[in-house]
Amino acid sequence: MRIVALAGGIGGARFLRGLRAAAPEAEITVIGNTGDDISLFGLRVCPDLDTVMYTLGGGINEEQGWGRRDESFTVKEELLEYGVGPSWFGLGDRDFATHIVRTQMLAAGYRLSAVTEALCDRWRPGVRLIPMTDDQVETHVVVDDPERGRRAIHFQEWWVRLRAALPAVSIAPVGADEAKPAPGVLKAIEAADVVLFPPSNPVVSIGTILSIPGIKDAVERKTVVGVSPIIGGAPVRGMADACLTAIGVETSAQAVAEHYGADLLDGWLVDEADEGVAVEGVEVRSRPLLMSDPEATEAIARAALDLAGELAQ
Ligand code: GDP
Ligand code: CA
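In this text the structure is predicted, and so the values were computed from the model without any measurement. (Residues numbered from 1 in each chain as written. Chains lettered and ligands numbered in written order. Predicted model: local features only at pLDDT ≥ 70, side-chain atom pairs only at ≥ 80, totals over all residues. Heavy atoms only, no water.)

Chemist: Give a description of empty space enclosed by the protein that names residues and reports values.
Modeler: Evaluated as defined, the whole model comprises one cavity of 30 Å³ or more. Around the largest cavity, the lining residues are Ile10, Ala13, Arg14, Arg17, Thr55, Ile60, Glu62 and Gly65. If one sorts the elements of the lining of the largest cavity by residue count, helix α1 (residues 10–22) sits on top with four residues. Looking at side-chain class alone, the lining of the largest cavity contains three nonpolar, two polar and three charged residues. (1 Å grid on protein atoms, 1.4 Å probe; cavity = no way out; pocket = protein on both sides within 12 Å on 5 of 7 lines; lining within 4 Å. Points joined across faces, edges and corners; volume = space filled by probe spheres on them. Helix = DSSP H or I, 4+ residues; strand = E, 2+ residues; numbered from the N terminus. Nonpolar A, V, L, I, M, F, W, Y, C, P; charged D, E, K, R; others polar.)

Chemist: Mind laying out the packing of helix α2 (residues 47–57) against helix α4 (residues 93–107), listing which residues take part and the relevant values?
Modeler: One can describe the packing of α2 onto α4 by two numbers: an axis separation of 12 Å at closest approach and a directional angle of 120°. Put simply, α2 runs oblique to α4. Between α2 and α4 lies a crossing whose hand is right-handed. Along the contact surface, α2 presents Asp50, Met53 and Tyr54, while α4 presents Asp95, Thr98, His99 and Arg102. (Axes fitted to C-alpha atoms, helices over the stretch in contact; angles between N-to-C directions. Parallel < 35°, antiparallel > 145°, perpendicular 65-115°, else oblique. Left-handed = near helix turned anticlockwise from the far one by under 90°. Contact = heavy atoms within 4.5 Å.)

Chemist: Before we move on, can you summarise unusual backbone geometry with the specific residues and values?
Modeler: Residue Pro86 is reached from Gly85 by a cis peptide bond, and omega for that bond is 10°. Relative to the helices and strands, Pro86 resides in the loop between α3 (74–81) and α4. For Phe41, which is not glycine, the phi torsion reads 55° and is therefore positive. You can see Phe41 is positioned in the loop between β3 (38–40) and β4 (43–45). A residue is classified by how much of its surface remains accessible, and Phe41, at 26% relative accessible area, is partly exposed. (Buried < 20%, exposed > 50% of the residue type's maximum accessible area, 1.4 Å probe, protein only.)

Chemist: Outline the side chain of Arg102, listing residues and values.
Modeler: The topology assignment puts Arg102 in helix α4. A distance of 3.1 Å separates a polar atom in the side chain of Arg102 from a polar atom in the side chain of His99. In this structure Arg102 touches Arg44, Val45, Cys46, Asp50, Leu112, Val115 and Leu119, once residues within four positions along its chain are discounted. (Polar contact = N/O pair within 3.5 Å; in protein donor to acceptor, adjacent residues only side chain to side chain.)

Chemist: Got a sec to walk through the site of ligand 1? Specific residues and values, please.
Modeler: Around ligand 1, the structure places 20 residues, and the nearest of them are Ser200, Ser205, Pro229, Leu289 and Met291. At 2.8 Å from an oxygen atom of ligand 1 is found a main-chain nitrogen or oxygen belonging to Asn201. Look at ligand 1: alone it shows 590 Å² of surface, and the protein chains cover 91% of it. Ranked by the residues each element gives to the shell around ligand 1, the list is headed by α1, at three residues. (Near = heavy atom within 4 Å. Areas by Shrake-Rupley, 256 points an atom, 1.4 Å probe, with all protein chains shown as cover.)

Chemist: Break down the sheet that holds strand β13 (residues 267–270) for me, with residues and values.
Modeler: The pairing of strands in a sheet comes from backbone hydrogen bonds and takes either a parallel or an antiparallel form. Pairing is parallel in the open sheet, where seven strands are placed in the order β5-β2-β1-β9-β10-β13-β14. Bordering the open sheet on either side are β5 (128–131) and β14 (283–286), each of which pairs with just one other strand. Ignoring strand direction, the axes of neighbouring strands in this sheet form an average angle of 20°. As paired strands, strand β10 (residues 224–227) and β13 are joined by three bridges and run parallel to one another. Bridge pairing in β13 links Val227 to Leu269. (Pairing = 2+ DSSP bridges.)

Chemist: Kindly report on the coordination of the calcium ion (ligand 2), identifying the contributing residues and their values.
Modeler: Only Asp36 (OD), Asp48 (OD) and Asp48 (OD) from the protein reach the calcium ion (ligand 2) as donors, at distances of 2.1 to 2.5 Å. Of this pair, Asp36 sits in the loop between β2 (27–32) and β3 while Asp48 sits in helix α2, placing them 12 residues apart in sequence. As far as burial versus exposure is concerned, Asp36 and Asp48 are alike and both buried. (Donors = N, O, S within 2.8 Å, 3.2 Å for Na, K, Ca; no water.)

Chemist: Explain the packing of aromatic side chains to me, and be specific about the residues and the numbers.
Modeler: If you walk through the whole model with that rule in mind, you get eight aromatic pairs. Residues Trp158 and Trp159 carry aromatic rings whose centres are separated by 6.0 Å and whose planes lie at 45° to one another, so their mutual orientation is tilted. This pair shows no difference in class: Trp158 is buried, exactly as Trp159 is. Pairwise contacts between aromatic rings join Phe155, Trp158 and Trp159 into one cluster. Here the guanidinium or amino end of Arg68 rests over the ring plane of Tyr54, the centre of that ring lying 5.5 Å away. (Phe/Tyr/Trp six-rings, centres within 6.5 Å; stacked < 30°, edge-to-face > 60°. Lys NZ or Arg CZ within 6 Å of the ring centre and 35° of its normal.)

Chemist: Account for the environment of Thr223, naming residues and giving values.
Modeler: The topology assignment puts Thr223 in the loop between α9 (215–220) and β10. Exposure remark for Thr223: the relative accessible area of 15% places this residue in the buried category. For the pair Thr223 and Asp193, spaced 30 residues apart in sequence, the C-alpha separation works out to 7.2 Å. If we ignore the near neighbours within four places in the chain, the residues touching Thr223 are Asp193, Val194, Val195, Asp266, Ala308, Leu311 and Ala312.

Honestly, it's all geometry; don't read function into it.
What follows is the structure, given as C-alpha cells:
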C-alpha cells in the first residue's frame with residue numbers, strides 16, 4: 001500500500017508514528033510543511049521537517065514535542081552574551097548541528113529536498129520525507145501592533161514570541177504562488193492509494209502545503225481521510241483557534257471539515273466528544289482522537305486507513 005500524508009510539526013509527527021506502527025508494510029511518503037521555516041543566526045531552520053524527522057527517528061524531546069532530547073543550550077547562551085538574539089526561539093546545541101549541516105548543504109547548492117534526504121540518512125524515519133517545495137515560502141501574519149501599527153511579521157514571531165496573543169488580521173504563505181512542488185511530491189500523490197491529513201494545523205500546516213500550486217488538485221483526485229485536530233471546540237494543544245479565527249473559520253471539528261470541503265475530503269475522523277458532526281459528501285466517524293500513548297495513536301491511524309479502505313471501494 002502507498003500512503004501519502006501531509007504533515008506539520010507535533011500533531012503530524014505523532015500521528016505519523018502511529019501510522020508507521022499501523023501499516024508497517026506500507027510505503028509512506030510525508031509531504032512536510034516548510035512555511036514555518038526561518039533563518040536565524042544565518043542558519044536555515046525547518047521546524048516542521050525536523051519535528052517529523054526527530055520524532056520518527058527517536059531523537060525528539062517527548063514532553064516538549066519539538067527539539068532534541070538530552071538537549072543543552074550553551075550556544076544560545078553564548079550568543080546572548082554577545083547580545084545576539086532572538087532569545088525567544090529555542091535552539092539547542094544538538095539542534096544547532098542539524099541547522100549547520102542544512103545551511104552548509106544549501107550554500108553548496110543542494111536543494112532542500114536533497115538536504116532533507118541527507119539528514120534522514122542519519123535519522124532513518126521509516127518514511128520518505130519530502131518538503132512541500134524547494135522554493136522559499138514563508139508564512140507571514142498581519143497584526144495590528146499597538147506600537148508599530150499594522151504590519152506583517154514572520155509566523156514564528158507571531159506564534160513563538162507573541163504566543164498568538166495579537167489577533168491575526170490575515171495569514172498568508174508568502175511565495176507560494178510562484179512555488180513549485182518539490183521533486184517527487186506530485187508523483188507520490190498520484191501513486192498513492194490514500195492521502196491522509198493528520199491532525200495538523202488546518203491553516204498554517206495543511207493549508208500551507210495545499211497552497212503550493214498543483215498539490216491541492218492532485219490530492220483532490222485521491223481518496224482523502226482527515227483526522228480532526230479540534231476536539232470539543234478547542235485545539236488539543238497550541239493555538240490553532242487563533243489561525244482558524246483569522247481565516248473566518250469557527251474552531252470546531254465540523255467547521256474544519258467544511259473548510260476543507262467535500263471536494264477534498266472523503267472521510268473525516270472526529271473525537272467522540274464531537275459525535276453528530278455531519279458534512280454532506282464526507283463520511284464522518286467518531287472515535288477517541290487523543291494521541292495519549294503509542295497504542296491510542298496507532299488505533300487512530302488504523303481507523304483512518306480502515307475508513308479510506310471502505311471509501312476506496
Ligand atoms: P505544529 O506544526 O507543531 O503546530 O504541529 P501540527 O500543525 O502538525 O499540529 C498541531 C495540531 O495538532 C494542533 O492544532 C493540535 O490541536 C493537534 N493535536 C495535538 N495533539 C493532538 C491529539 O492528541 N489529538 C488530536 N486529534 N489532535 C492533536
Ligand atoms: Ca508548524
